[in-house]
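Inside the fold
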Amino acid sequence: MTNAKRKPFLTTRELATVAILAAISAVLFMIEIPVVLFYKLDLSHLPVLLGTFAMGPVPGTLILLVKSLLGLLHSSSQGVGELADFLMGFAMLLPAGLIYQRNKTRKGALIGMITGTVALILAGCLTNAYLLIPFYMKAFGMPMEAIIGMCAQALPFVDTELKVILFVTAPFNLLKGVVLCILTYMIYKPLSPLLHVRK
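Residues numbered from 1 in each chain as written. Predicted model: local features only at pLDDT ≥ 70, side-chain atom pairs only at ≥ 80, totals over all residues. Heavy atoms only, no water.

Description of the pattern of salt bridges
Summed over all chains, the structure comprises four salt bridges. The closest approach of N and O atoms between Lys 67 and Asp 85, which form a salt bridge, is 2.2 Å. One end of the pair, Lys 67, is in helix H3 (residues 57-71); the other, Asp 85, is in helix H4 (residues 80-102), with 18 residues separating them in the sequence. Both residues of the pair, Lys 67 and Asp 85, belong to the buried class. Here Lys 176 makes a salt bridge to Asp 85, at a shortest N to O gap of 3.9 Å. Residue Lys 176 is found in helix H7 (residues 161-195), and its partner Asp 85 is found in helix H4; the two are separated by 91 residues along the sequence. Residue classification places Lys 176 among the buried residues on the basis of a relative accessible area of 5%. Exposure remark for Asp 85: the relative accessible area of 4% places this residue in the buried category. One network of salt bridges, in which partners are shared, links Lys 67, Asp 85 and Lys 176. (Salt bridge = Lys/Arg side-chain N within 4 Å of Asp/Glu carboxyl O. Helix = DSSP H or I, 4+ residues; strand = E, 2+ residues; numbered from the N terminus. Buried < 20%, exposed > 50% of the residue type's maximum accessible area, 1.4 Å probe, protein only.)

Details of helix H1 (residues 12-29)
Count 3.6 residues to each turn of an α-helix, and residues three or four apart come out pointing the same way. Taking 1.5 Å as the rise per residue, H1 with 18 residues should run 26 Å; its terminal C-alpha atoms sit 25 Å apart, in good agreement. Considered for burial, the residues of H1 that qualify are Glu 14, Thr 17, Val 18, Leu 21, Ala 22, Ser 25, Ala 26 and Phe 29. Looking straight down H1, one finds that the buried residues subtend no more than 165° of arc, so they occupy a single side. Counted as exposed and oriented over 90 degrees from the buried face of H1: Thr 12 and Ile 20. As for H1, its buried residues are in contact with helix H2 (45-55), H3, H4 and H7. (Expected span 1.5 Å × (residues − 1). Arc of directions from axis to C-beta. Contact = heavy atoms within 4.5 Å.)

Structural notes on the environment of Gly 116
Structurally, Gly 116 can be placed in helix H5 (residues 106-139). Distance from Gly 116 to Gln 78, taken between C-alpha atoms, is 27 Å for residues 38 residues apart in sequence. Setting aside its immediate chain neighbours within four residues, Gly 116 contacts Ala 91, Met 92 and Pro 95.

Structural notes on unusual backbone geometry
The backbone of Gln 78 sits at a positive phi, close to 55°, despite the residue not being glycine. Inspection of the secondary structure puts Gln 78 in the loop between H3 and H4. Accessibility expressed as a relative area gives 73% for Gln 78, which makes it exposed.

With respect to the side chain of Asp 42
Within the secondary structure, Asp 42 sits in the loop between strand S2 (39-41) and H2. Although buried, Asp 42 forms no salt bridge, and the nearest oppositely charged side chain, Lys 176, lies 4.2 Å from it. Among all residues touching Asp 42, those that are not within four sequence positions of it are Leu 28, Phe 29, Ile 31, Glu 32 and Lys 176. (Lys, Arg positive; Asp, Glu negative; His and termini not counted.)

Dropping the structure here:
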């Protein structure tokens, strides 16, 4: 037998960092920039990515989860938007975090974020097709034809639900991923001394 203490799942400092980043993320979640239809750009996944790179995918997931739970307090979508946001955020942070853990260089971070953006786009297409669009159709009594018509005003060739997903949803999430990647790439190193927890 040994008297050595088991390492806690998360240290006190890590828990504090998770809490702070989650709070910042929750505030950013409320600041939305309308882009097209009901798609709005927010930067709430930025603290999630920063925390993921600094501490790993598990703390990053905790940041995302706490942010999503806080979002439920003022949800206007009966939790559907928060669920979709969590799934898309997790899809981005997991590959980004795992790749960066194996190669903690700028190149590793870049490859991780590019991979994460691809995953974000795929998750965004699925969550919009099966969660968000059906919710907005039901909540606002808006038939799919009306959504297609709104898209067709800007993109006349968009005449089916599949084209809405491919040519509106996917590009929006590509934009979101690129913005998050650029900001994370620019500010991670300067903030690194504050984010990293010394063992």
